[in-house]
Amino acid sequence: MYRVTAEVAMKEGPTLAFSVLTKFNISSWLESYSPSSSEQTQLLTHISQGLTMCGPKPTQDDEVLVEVYRHHFRQLVNFQYPAHYNDALLFLIGATDNGTLIPGSLTDFCQLLGPREQPEKCRLGLQLIQETAQLLASHYLDKRTSTEQSVYSLIDFEYVSFLGRFLGQLCRAMIAKWDAGSHCARHSMPLLPPPTLPPH
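These lines cover the structure that appears in this document, whether it is placed above or below. (Residues numbered from 1 in each chain as written. Predicted model: local features only at pLDDT ≥ 70, side-chain atom pairs only at ≥ 80, totals over all residues. Heavy atoms only, no water.)

**Comments concerning the pattern of salt bridges**
Then, number 1: For the coordinates displayed, the defined rule picks out 4 salt bridges.
Then, number 2: Between Asp108 and Arg70 there is a salt bridge, and its shortest N-O distance comes to 2.8 Å. Placement of Asp108 in helix 7 (residues 103-111) and of Arg70 in helix 5 (residues 60-78) is noted, with a sequence separation of 38 residues between them.
Then, number 3: Residue classification places Arg70 among the buried residues on the basis of a relative accessible area of 14%.
Then, number 4: Across the pair Lys143 and Asp97 runs a salt bridge, and its minimum N-O distance is 3.6 Å. Here the residue Lys143 occupies a position in helix 8 (residues 126-145), and Asp97 occupies one in helix 6 (residues 85-98), the gap between them amounting to 46 residues. (Salt bridge = Lys/Arg side-chain N within 4 Å of Asp/Glu carboxyl O. Helix = DSSP H or I, 4+ residues; strand = E, 2+ residues; numbered from the N terminus. Buried < 20%, exposed > 50% of the residue type's maximum accessible area, 1.4 Å probe, protein only.)

**Re the side chain of Arg70**
Then, number 1: A distance of 3.4 Å separates polar atoms of two side chains, one belonging to Arg70 and the other to Glu67.
Then, number 2: If we skip the residues at most four places from it in the chain, Arg70 touches Leu51, Ile102, Gly104, Ser105 and Asp108. (Polar contact = N/O pair within 3.5 Å; in protein donor to acceptor, adjacent residues only side chain to side chain. Contact = heavy atoms within 4.5 Å.)

Okay, structure coming up:
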């Protein structure tokens, strides 16, 4: 349906596509139909294509359609979270590299992590946080070293601002989870007997 709707939006305009997509209750479909992992991934691909088709600065006519795509993107990524986290992250990285994504979608993705002011409640595990940080570092290092231009000139400023907030949120969550893990480890260790002085 999403693929056909995207074709309709390109040929007939966003109004018809909007009227079709608003009739699709994605949350109900996910819960009642229980689509397979591959079906969910395919749906995420179509939603992502819809978002990039509207571009980083959608026209007034496209704005209502973008809001539907954003809503469906949030609902799907949030379903069985973080099952679709990696696919969504790779899509966002690619779309920011190409400059084809509305910045609001990046904010949506950040909000799914959990409250920024409570990093200990981040919904990602420590390993996934570390893997994300390593992925971003490797990606942007390769991007930087492949050209004489700076990263700031290669990526739109609004995307750079998002990346800064996203990395900050990940780092705070990493520290909070490390602290929590260290605290648990300290309290789970058996108590050792007090040291005794050797006899004189």
